[in-house]
Amino acid sequence: MNLAFIGLGNMGSAMARNLIEAGHRVTVYNRSRAKAEALGVAVRIAASPAEAVDACDAAITMLADDPAVLEVVTGESGIARALPAGSVHIGCSTISTALGRRLAAEHAARGQQYVSAPVFGRPDAAAAKKLLVVAAGDAAALERSQAVFEAIGRQTFVAGAEPWQANAVKVCGNFMIASMLESFGEANATLRKAGVDPHLFLDVMSTLFGSPVYANYGRIIADEKFTPAGFALRLGFKDCRLAIDTARECNAPMPIASLVHDRLLEAIALGMGEIDWSAIARVSALHAGLPV
Ligand code: NAP
């Protein structure tokens with residue numbers, strides 16, 4: 001397929017590489033051009049989002065947040081004005097459900113298709129094509145996007161016919177992970193004060209829960225190795241806020257989300273916004289009077 005890939009951050013660089021390796025013709029755009037040049041593969045680099053998509057079958061966006069996606073889609077040199085009619089925009093960024101609905105309407109008004117396809121998995125999983133893709137949208141658009149999903153992930157789940165439903169799954173999923181990180185942090189602080197090795201606790205919990213999410217994040221917390229950030233804490237805070245927004249839209253209270261939201265905010269206030277979001281555990285350690 002002729003693809004455009006926009007947003008070459010921690011996740012996007014690995015995903016774009018896998019699409020190129022799968023044999024697709026990929027044109028890339030990134031706000032800071034150096035990241036496009038650093039891809040280290042022969043690839044066409046566009047000067048603007050609009051230029052990247054002008055002859056593509058599908059455009060993939062993997063951008064930080066709602067304002068970044070809005071800029072790239074509806075800005076002066078955004079993709080909405082240049083994406084050929086009938087082409088599909090595959091939005092992989094973690095964005096609000098409200099923006100998911102707005103993008104669907106913007107593209108439909110121009111005869112373009114839109115699917116939301118946010119992903120689970122950190123940059124190392126992206127590099128290994130092990131992402132879990134949660135997609136939603138019109139069945140024909142999902143079918144057209146299948147080759148992209150196969151090149152970037154190990155499994156695709158369809159959340160519904162409305163793109164924003166995939167965004168709802170993603171923000172609720174990240175809320176679950178954030179809650180687990182907070183729980184790990186609280187338990188570790190108590191166990192450190194009890195004189196128990198956090199790695200022993202990690203072994204017990206990894207056996208009990210049997211999930212790579214527990215094992216990988218548990219190790220980062222036990223090792224207190226929060227840099228480099230696989231997923232910046234400020235982005236995790238954004239996702240927790242988005243989960244609360246979705247809960248509000250659906251009239252479904254999420255009290256734990258509000259608690260975790262404030263803990264992440266506290267971590268940002270303490271200067272941890274750019275390190276890994278598992279550093280939320282440091283807040284519990286600080287409250288317990290432990291050295292961090
Ligand atoms: P990242 O490394 O911070 O990259 C963010 C990307 O967005 C960069 O390409 C950045 O361009 C671009 N960007 C930011 N603001 C922009 C703007 N106003 N206009 C144009 N481009 C802009 O983030 P990431 O970790 O790759 O995450 C990307 C998305 O995936 C986020 O929505 C995140 O929540 C989600 N996600 C992340 C992970 C993870 O573990 N990292 C896992 C699953 C999902 P520059 O290079 O110019 O700054």
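These numbers come from a predicted model, not from an experiment.

Q: Please set out the packing of helix 8 (residues 163-193) against helix 13 (residues 280-287) residue by residue, giving values where relevant.
A: Contact geometry for helix 8 and helix 13: axes closest at 8 Å, N-to-C directions at 35 degrees. Classified by chirality, the crossing of helix 13 by helix 8 is right-handed. Residue-level inspection shows Leu 181, Glu 182, Gly 185, Glu 186, Ala 189 and Arg 192 of helix 8 in contact with helix 13, the latter providing Ile 280, Ala 281, Ser 284 and Ala 285. Residues that form the contact of helix 8 with helix 13 fall into these classes: five nonpolar, two polar and three charged.

Q: Describe in detail the packing of aromatic side chains, supporting the description with residues and values.
A: Summed over the entire model, instances satisfying the criterion amount to five aromatic pairs. Relative to Phe 201, the ring of Phe 184 lies with its centre 5.9 Å away and its plane at 80 degrees, an arrangement referred to as edge-to-face. You can see Phe 184 sitting in helix 8 and its partner Phe 201 sitting in helix 9 (residues 198-209), a full 17 residues away along the chain. Considered together, Phe 184 and Phe 201 belong to a single accessibility category, that of buried residues. Aromatic pair Phe 231 and Trp 277: ring centres 4.9 Å apart, planes at 85 degrees, arrangement edge-to-face. Separated by 46 residues along the polypeptide, Phe 231 in the loop between helix 10 (212-223) and helix 11 (233-249) and Trp 277 in the loop between helix 12 (255-269) and helix 13 bring together distant segments of the chain. Here Trp 277 falls in the buried class, since its relative accessible area comes to 1%. Here the aromatic cluster, defined as three or more aromatic residues joined through ring pairs, consists of Phe 184, Phe 201, Phe 209 and Tyr 214. Positioned above the aromatic ring of Trp 164 is the side chain of Arg 101, whose terminal nitrogen or guanidinium carbon lies 5.0 Å from the ring centre. The residue whose ring lies beneath Lys 170 is Phe 120, and the NZ or CZ to ring-centre distance is 4.1 Å.

Q: Which residues make up the site of the ligand, and what values go with them?
A: The ligand sits among 27 residues. The nearest are Asn 10, Asn 30, Ser 32, Lys 35 and Gly 230. Contact between the ligand and Gly 9: an oxygen atom at 3.4 Å from a main-chain N or O atom of the residue. One of the side-chain N or O atoms of Lys 238 is found 2.9 Å from an oxygen atom in the ligand. Out of a free accessible area of 910 Å², the ligand has 88% covered by protein chains. Counting residues per element, the ones that place at least two in the shell around the ligand are helix 1 (10-21), helix 4 (66-74) and helix 11. Top contributing element to the shell around the ligand by residue count: helix 11, with four residues. Each of two domains, domain 1 (2-162) and domain 2 (168-287), supplies a minimum of three residues to the shell around the ligand.

Q: If you had to explain helix 9 to someone new, which residues and values would you point to?
A: Each α-helix winds once per 3.6 residues, and so residues spaced three or four apart point in a common direction. The terminal C-alpha atoms of helix 9, which comprises twelve residues, lie 16 Å apart, in line with the 16 Å expected from a rise of 1.5 Å per residue. Of all the residues in helix 9, the buried ones are Pro 198, Phe 201, Leu 202 and Met 205. The buried residues of helix 9 occupy one face: seen down the axis, they fall within an arc of 100 degrees. Lining the buried residues of helix 9 we find helix 8 and helix 10. With a side-chain oxygen lying 2.9 Å from the backbone nitrogen of His 199, the N-terminal cap of helix 9 falls on Asp 197. Immediately beyond the C-terminal end of helix 9, within one or two residues, lies Gly 210, with a positive phi of roughly 55 degrees.

Q: Quick rundown of the pairing of strand 5 (residues 88-91)? Include the residues and the values.
A: Of the two faces of strand 5, the one carrying Val 88 and Ile 90 and the one carrying His 89 and Gly 91 are both buried. The sheet contact formed by strand 4 (residues 58-61) and strand 5 spans four bridges and is parallel. Bridge assignment links Ile 60 to a residue of strand 5, and that residue is Ile 90. With four bridges connecting them, strand 5 and strand 6 (residues 113-116) associate as parallel partners. Within strand 6, the position partnered with Val 88 by the bridge is Gln 113. At this point the chain moves from strand 5, through helix 5 (residues 97-109), to the parallel strand 6, and the crossover so formed is right-handed.

Q: Can you tell me about unusual backbone geometry, naming the residues and giving the values?
A: Cis geometry is found at the peptide bond from Thr 227 to Pro 228, where omega equals -5 degrees. For Lys 129, which is not a glycine, the phi torsion comes out positive at approximately 55 degrees. Accessibility expressed as a relative area gives 32% for Lys 129, which makes it partly exposed. Even without glycine at this site, Asn 251 takes up a positive phi of about 50 degrees. Along the chain, Asn 251 falls in the loop between helix 11 and helix 12.

Parameters and conventions
Residues numbered from 1 in each chain as written. Predicted model: local features only at pLDDT ≥ 70, side-chain atom pairs only at ≥ 80, totals over all residues. Heavy atoms only, no water. Axes fitted to C-alpha atoms, helices over the stretch in contact; angles between N-to-C directions. Helix = DSSP H or I, 4+ residues; strand = E, 2+ residues; numbered from the N terminus. Left-handed = near helix turned anticlockwise from the far one by under 90°. Contact = heavy atoms within 4.5 Å. Nonpolar A, V, L, I, M, F, W, Y, C, P; charged D, E, K, R; others polar. Phe/Tyr/Trp six-rings, centres within 6.5 Å; stacked < 30°, edge-to-face > 60°. Buried < 20%, exposed > 50% of the residue type's maximum accessible area, 1.4 Å probe, protein only. Lys NZ or Arg CZ within 6 Å of the ring centre and 35° of its normal. Near = heavy atom within 4 Å. Polar contact = N/O pair within 3.5 Å; in protein donor to acceptor, adjacent residues only side chain to side chain. Areas by Shrake-Rupley, 256 points an atom, 1.4 Å probe, with all protein chains shown as cover. Domains from an automatic or database assignment. Expected span 1.5 Å × (residues − 1). Arc of directions from axis to C-beta. Pairing = 2+ DSSP bridges. Right-handed = clockwise from strand over helix to strand, strands pointing away.

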